[in-house]
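Fold and geometry: a report
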Amino acid sequence: MVIERGSTAKDLGPKLNRSAADVVRFLLQQGEMITATQTLSDDMIELFAADVGAAIRLVDPGQEQEVGLQQLLDVLDEEDENEADLRPRPAVVTVMGHVDHGKTLLLDRIRSASVAADEAGGITQHIGAYQVEKNGKRLTFIDTPGHEAFTAMRARGAEATDIVILVVAADDGVMPTTLEALAHARAAEVPIVVAINKVDRDNADPDRVRQQLAEHGLIPEQWGGDTVMVEISALQDLGIDDLIDNLLVVAELEDLRANPEGRAYGVVLEAKLDVGRGPVATVLVQRGQLEVGDPMVAGPAWGRVRALIDDKGEQVKQAGPGSPVQVLGLSEVADAGDDFVVAPDDRTARRVGETRGQYARIKSIASDASAITTGVKLEDIFEQIQKGEAATLNLVLKADVNGSLEALTDSLRRLERDEVKIVFVHRAVGGITQYDVQLASATGATIIGFNVRPDRKSRELAETEDVEIRTYEIIYQVIADIGNALVGLLAPEFEEVVTGEAEVREVFRVPRVGAVAGCYVRSGVITRNSPVRFLREGTIIWKGTINSLRRFKDDVREVAAGFECGVGLSDFQDLKPGDVIETFQQREIPRT
């Protein structure tokens, strides 16, 4: 018997030939007080099923609704197994590497277009997919961001690819992000072609790059290995043809084939909400033929394909395996990284998409509701810290595309500390709306907008409700600003720094004053009124302050190393020669 998670007693009883009252009564006997319409945990469901002797299988809500779609995918798999139907397809090439090593400029040269100029700060922040043709053969290129914040996006790119170009700057060498990209490529088990870029620079050292890569298992062909390494200069347009020729050879050796007929299946590379065109998904077709008018489902998004736009911005009627296209006509913004498939009909697409969306919303509401602390203001946060409680920073996060939203979420979560937690009250693609401002006002949240802006009404409402809106175009700035804000919210951390050390040489008893230690300052500076530790054979036996400090008969403020002095302690008289007096300060440690 298949039972959906989150079922109520009212749902569960009839499926197991029992009434809702039977379920409630049984759980009451187990010490669980629930109502007939209350959601049951997995344990409760399994416990009741075991009691009535029923074998059940728990599934996520909507999972059973996808049976028709899964049968379709099984049919597609069978079609793929028929060798007679398979035809050669373009290789999908993913360009990876460290930030600013020249990936986007390399693609500019390959496809003779300017993308780098459109990216904020010259940093690629979205996945782009482009197709080029040479000698009658086509290659599909996926450009992935190089900043470490986009690790998840790079991982998705590697999963959808056939060949990886690893771009390494000849003057910079292998960087941490280069190794991350290499790990993703290896995990995808695809051939790697290395493009050693910027060889035109004076400090370029391609052999050093080869040596670094060889240390990580990529042995160049020139050294008897099997990794193709091509020296290029994207800026000077050198070696680009040689790189493409090598890619075509590798693609030919891979013998990439797919069935170009039948229902299309593939992966969503990126998704965004366009003001004029509605939800737009950039997809990579992996098999079949995607055509205008097809009923399609991608994660929670569904709809009939209204238009297909290729990488040159032109409308096309269809797209085959290995082709990247933008899809218009979906019901909502798809999730980047989701598989898409052409459904048998509109009804199936709608049912599957809506069920997925409903379940995702239920999970999101449940997790967010448990984490959100309402009404948290800055002064409340400091009060929480002073009480030793964990503070929370509530955020409403809006971005232009799903990939950026995901990358920002992952990056900001890594900024959390034990004392300060980040809670995402709401995360979505699209502009900053009045709803976002109202939600931020109710939960004491700050709104972060990445490549999106609030409209006039939202700005006015934010001013009225005293809601802070911060907008950014470069991910570095978001991470830096939120990181600095968190550092400001963290409780100060202090360390003790020893400022002086003196050895007790003699003890004098002075009437009406008490014991005075005749000391020799061994290191640092002994200062009057400073905190002091009294050590005997390395053990702390007293803490206090220096009451008086004298050099001969004169009161002094401080005595440096190498000099003798008389020290009077506030309320400690048990002084002995050989004891050590340590003065120290509490110094605040900058939080990072």
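Residues numbered from 1 in each chain as written. Predicted model: local features only at pLDDT ≥ 70, side-chain atom pairs only at ≥ 80, totals over all residues. Heavy atoms only, no water.

**Some details on the overall build of the chain**
Within the chain, the secondary structure is distributed over 15 helices and 32 strands. For the chain, the residues scored as buried account for 49% of the 592 residues in total. In the chain, of all internal contacts separated by at least 6 residues, the share reaching a separation of at least 24 is 70%. For the chain, the exposed surface amounts to about 28800 Å²; the carbon and sulfur share of it is 47%. (Helix = DSSP H or I, 4+ residues; strand = E, 2+ residues; numbered from the N terminus. Buried < 20%, exposed > 50% of the residue type's maximum accessible area, 1.4 Å probe, protein only. Contact = heavy atoms within 4.5 Å. Areas by Shrake-Rupley, 256 points an atom, 1.4 Å probe, with all protein chains shown as cover.)

**So, the pattern of salt bridges**
Under the criterion given, the structure shown has 24 salt bridges. Across the pair E231 and R210 runs a salt bridge whose closest N-O atoms are separated by 2.7 Å. Taken together, the positions of E231 in strand β9 (residues 228-231) and R210 in helix α8 (residues 206-215) put the pair 21 residues apart, joining distant regions of the chain. On the accessibility criterion, E231 (37% relative accessible area) is partly exposed. What makes R210 buried here is its relative accessible area of 6%. (Salt bridge = Lys/Arg side-chain N within 4 Å of Asp/Glu carboxyl O.)

**Considerations on the confidence of the model for the chain**
Of all residues in the chain, 83% attain a pLDDT of 70 or more, and the chain-wide mean is 80. Within the chain, helix α11 (residues 378-386) has the poorest average pLDDT of any element, 47, and strand β13 (residues 290-291) the best, 94. Here residues 113-117 is modelled with pLDDT under 50, and outside its nearest four sequence neighbours on either side it reaches eight contacts, counting other chains as well. Confidence over residues 146-150 falls short of pLDDT 50; this stretch has 25 contacts with residues more than four positions distant or in other chains. (pLDDT = per-residue confidence, 0-100.)

**Examining the pairing of strand β26 (residues 514-527)**
Pairing of β26 with strand β31 (residues 564-569) involves four bridges; the strand directions are antiparallel. What sits directly across from G518, in β31, is G566. Where β26 and strand β30 (residues 558-560) come together, three bridges link them in antiparallel fashion. If you follow T527 over to β30, its bridge partner there is E558. (Pairing = 2+ DSSP bridges.)

**A word on the nonpolar core**
Ranked by size, the top nonpolar core spans 39 residues in total, and within it V283, L290 and F340 carry the most contacts. In this structure, F340 is in contact with A264, Y265, G266, V267, V268, V283, L284, V285, L290, M296, V297 and A298, ignoring residues within four places of it in sequence. If you look at the next biggest cluster of nonpolar residues, it comprises 27 residues, including V228, V230, A234 and I244. (Core = buried A, V, L, I, M, F, W, Y, C linked by side-chain atoms within 4.5 Å.)

**Examining the environment of I244**
Along the chain, I244 falls in helix α9 (residues 240-254). On a C-alpha basis, the gap between I244 and L139 in space is 8.8 Å, while along the polypeptide they are 105 residues apart. Look past the residues within four positions of I244 in its chain and what remains in contact with it is I110, K134 and L139.

**A short note on the packing of helix α2 (residues 20-29) against helix α3 (residues 42-52)**
Following both chains from N to C, one finds α2 and α3 inclined at 100 degrees, their axes separated by 11 Å at the closest point. By the angle class used here, α2 and α3 are roughly perpendicular. Packed against α2, whose contacting residues are D22, V23, F26 and L27, the element α3 presents M44, L47, F48 and D51 at the interface. (Axes fitted to C-alpha atoms, helices over the stretch in contact; angles between N-to-C directions. Parallel < 35°, antiparallel > 145°, perpendicular 65-115°, else oblique.)

**Section: the packing of aromatic side chains**
Scanning all chains against the criterion turns up one aromatic pair. Lying over the aromatic face of F584, R533 brings its terminal NZ or CZ to 4.4 Å of the ring centre. (Phe/Tyr/Trp six-rings, centres within 6.5 Å; stacked < 30°, edge-to-face > 60°. Lys NZ or Arg CZ within 6 Å of the ring centre and 35° of its normal.)

**Things to note about unusual backbone geometry**
Within the chain, K198 stands out as a residue other than glycine whose phi angle is a positive 65 degrees. A positive phi angle, close to 50 degrees, is found at D255, a residue other than glycine.

**A closer look at the sheet that holds strand β24 (residues 469-472)**
Strands sit in the order β22-β21-β23-β24 across an open sheet of four strands; the sheet is parallel. Whereas interior strands pair on both sides, the edge strands pair on one side only; in this sheet they are β22 (420-429) and β24. The sheet shows a mean angle of 25 degrees between the axes of neighbouring strands, taken without regard to direction. Together, β21 (391-399), β22, β23 (446-450) and β24 form the strand contacts of helix α13 (residues 434-443), whose direction differs from that of β22 by roughly 160 degrees.

**Topic: a nonpolar patch on the surface**
A cluster of nonpolar side chains, namely F508, V510 and V513, defines an oily patch on the protein surface of about 250 Å² accessible area. Mapping F508 onto the fold places it in strand β25 (residues 493-510). Taking the relative accessible area as the measure of exposure, F508 reaches 40% and is therefore partly exposed. (Patch = residues over 30% accessible without salt bridge, like charges linked within 9 Å, V, L, I, M, F, W, Y side chains within 5 Å.)

**A short note on the pairing of β9**
In terms of strand pairing, strand β8 (residues 192-197) meets β9 through four bridges, oriented parallel. The partner of A195 across the bridge, within β9, is V230. The β-α-β motif built from β8, the intervening α8 and the parallel element β9 has right-handed crossover chirality. (Right-handed = clockwise from strand over helix to strand, strands pointing away.)

**Here's the deal with the sheet that holds strand β19 (residues 324-328)**
Read from one edge to the other, the open sheet built from eight strands follows the order β15-β14-β20-β11-β12-β19-β16-β17, with strand pairing classed as antiparallel. Among the strands making up the open sheet, the edge pair consists of β15 (301-304) and β17 (315-316). Bridging between strand β11 (residues 265-274) and strand β12 (residues 278-287) involves nine bridges; their strand directions are antiparallel. Note on β12: the bridge partner recorded for D274 is G278.

**Topic: helix α12 (residues 402-413)**
For α12, with twelve residues, the first-to-last C-alpha span of 17 Å sits near the 16 Å given by 1.5 Å per residue. Within the sequence span of α12, burial applies to N402, G403, S404, L405, A407, L408, T409, S411 and L412. (Expected span 1.5 Å × (residues − 1).)

**Section: the packing of helix α5 (residues 103-111) against α9**
Axis separation between α5 and α9 bottoms out at 10 Å; the angle between their running directions is 85 degrees. By the angle class used here, α5 and α9 are roughly perpendicular. For the pair α5 and α9, contact is made by L106, R109 and I110 and by I240, L243 and I244, respectively. For the contact of α5 with α9, the per-class residue count stands at five nonpolar, no polar and one charged. (Nonpolar A, V, L, I, M, F, W, Y, C, P; charged D, E, K, R; others polar.)

**Examining helix α7 (residues 176-187)**
In this model α7 runs 17 Å from its N-terminal to its C-terminal C-alpha over twelve residues, within 8% of the 16 Å that 1.5 Å per residue would give. Every buried residue of α7 is accounted for by T177, T178, A181, L182, H184 and A185. Angular distribution of buried residues about the axis of α7 spans 160 degrees; they occupy a single face of the element. Of the residues in α7, the exposed ones pointing more than 90 degrees away from the buried face are P176 and A187. Positive phi appears at E189, one or two residues downstream of α7, with a value of about 55 degrees. (Arc of directions from axis to C-beta.)

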